[in-house]
Amino acid sequence: MIDAPDVEELNPPQRTLMGPGPSPVHPRVLKAMSTPLVGHLDPSFVEMMDETQELLRYVFQTDNEWTIPVSGTGSAAMEAAIGNLVEPGDTFLAPTNGYFGDRMAAMARRAGGDVVRVGAPWGEPLDPDDVADACEEFHPDVFGFVHAETSTGVKQPDVPALTEAAHDHGALVVADTVTSIGGVELKVDEWDIDAAYAGPQKCLSCPPGASPLTLNDRAMDKVLGREEPARSWYLDLSLLEGYWGDERAYHHTAPITNVYALREALRLVAEEGIEERWARHREMASALKAGVEAMGLGLNPEDDYWLPSLNAVLVPDGVDDGDVIDYVLEQYDLEIAAGLGDLSGDVFRVGCMGHGARPENVTLVVAALADAFDALGADVDAAAGLAATREALR
Ligand SMILES: *Cc1c(COP(=O)(O)O)cnc(C)c1O
């Protein structure tokens, strides 16, 4: 006999989540998650599926029929997009300017694609001319880019110029919109993006588990016309069509509770209004930015491609980034994150996402950073930072 382990009742700490995700979950979403389960083919659930898809079209700003929540986290939606669009032998053009561009490349390689790269340093966006040149040189079948790079805090400006460059050369365009959906302007149809995937636990303030994905007819034609089936059975969109399309036949059991959560999170977006929500993220992140700038710190990216939902705040002289992160977690139950890759040790990553993009959260972040810098001996003007944030929020 193996004895039953003696594990205490679940009692997680109450953290304020202001890192790169997950973000704070709205109480209404938590409430939706505690409602009774129904079957994944229950007529009531089928109706909720339709509503969820309708709401997803709104947040993506698309009419794409092919708009679904993929079971799993953002990476599942990412792999569904890339694994279905990239056929063995296809050329996939991926960006080099951040952590998630590398992940796109890795997934395209596993799908059997030949990966070629278009470059920009970490902390800078892609230049549409470079994308056009890379398309000229490599003739990619699919071009992927990251709209909101969570590793660097860079928002790709002028997306239509990128999609145009790729389309001029016959490539399909897949966009990572994980940290932009519901937080910064995103217009899938107007910007002519063929496929976009996202995640629920960033600016939608929903727990991870069911992740938005949309494909236009051009992209879906390619998926349905594949010579070989996609390598993943679970994420094969031609099979998932049976469940999320008209037929509503079993493929795998939908994560019912996560669909409830996503539906409620999306309802909150619809109630607020998508443009109002984009504006709120910008206003709240501006107050955060004003605070850290007044302390004498900058943000890593330039203003032209600043990403309000993820702020890459430069680490001041005189302190170690890890010590600051530990300090605010211990003293304030506040989660912020360290830089990744080329920016490791140089920046803090401070999210301003969804239900976290509120005055009380921004004030807490600036106050906690000010205290940490003071306590740990960083050379900053902590008081000026607090005053600037207060002023900006007034
Ligand atoms: C978080 C994130 C992902 C991956 O999502 P997971 O939910 O962690 O699987 C992909 N791309 C970007 C830009 C992200 O921020």
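An account of the accompanying structure is given in this report. Please read all numbers here as calculations on a predicted model, not as lab measurements.

The next point concerns the sheet that holds strand β11 (residues 310-314). Here we have three strands laid out as an open sheet, ordered β11-β14-β13, and antiparallel in their pairing. The two strands at the open ends of the sheet, each matched to only one other strand, are β11 and β13 (337-338). As judged from the five bridges shared by β11 and strand β14 (residues 347-351), these two strands associate in the antiparallel manner. Bridging across to β14, Leu314 finds its partner in Val347.

Turning to the sheet that holds strand β9 (residues 195-197), a few remarks are in order. The seven strands lie next to each other as β2-β10-β9-β8-β5-β3-β4, forming an open sheet whose pairing is mixed. Strand pairing shows two members of the sheet lacking a second neighbour, β2 (66-72) and β4 (114-118), which therefore form its edges. Strand-to-strand, the axes of this sheet are offset by a mean angle of 20 degrees, without reference to chain direction. Of the strand pairs in this sheet, strand β5 (residues 142-146) and strand β8 (residues 172-176) are connected by five bridges, and their pairing is parallel. Directly across from Val146, in β8, lies its bridge partner Asp176. Each of β5 and β8 touches helix α6 (residues 159-168); the most contacted strand, β5, lies at about 165 degrees to it. Where helix α7 (residues 217-224) meets the sheet, it contacts β2, β5, β8 and β10 (209-215), and its direction lies at approximately 100 degrees from that of β10.

Together, Trp233, Tyr234 and Leu239 make up an exposed nonpolar region whose accessible area comes to about 310 Å². Counting through the fold element by element, Tyr234 comes out in the loop between α7 and α8 (237-244). The partly exposed category is assigned to Tyr234, whose relative accessible area is 36%.

About the criteria used
- Residues numbered from 1 in each chain as written.
- Predicted model: local features only at pLDDT ≥ 70, side-chain atom pairs only at ≥ 80, totals over all residues.
- Heavy atoms only, no water.
- Pairing = 2+ DSSP bridges.
- Helix = DSSP H or I, 4+ residues; strand = E, 2+ residues; numbered from the N terminus.
- Axes fitted to C-alpha atoms, helices over the stretch in contact; angles between N-to-C directions.
- Contact = heavy atoms within 4.5 Å.
- Patch = residues over 30% accessible without salt bridge, like charges linked within 9 Å, V, L, I, M, F, W, Y side chains within 5 Å.
- Areas by Shrake-Rupley, 256 points an atom, 1.4 Å probe, with all protein chains shown as cover.
- Salt bridge = Lys/Arg side-chain N within 4 Å of Asp/Glu carboxyl O.
- Buried < 20%, exposed > 50% of the residue type's maximum accessible area, 1.4 Å probe, protein only.

Distances and angles like these do not, on their own, reveal function.
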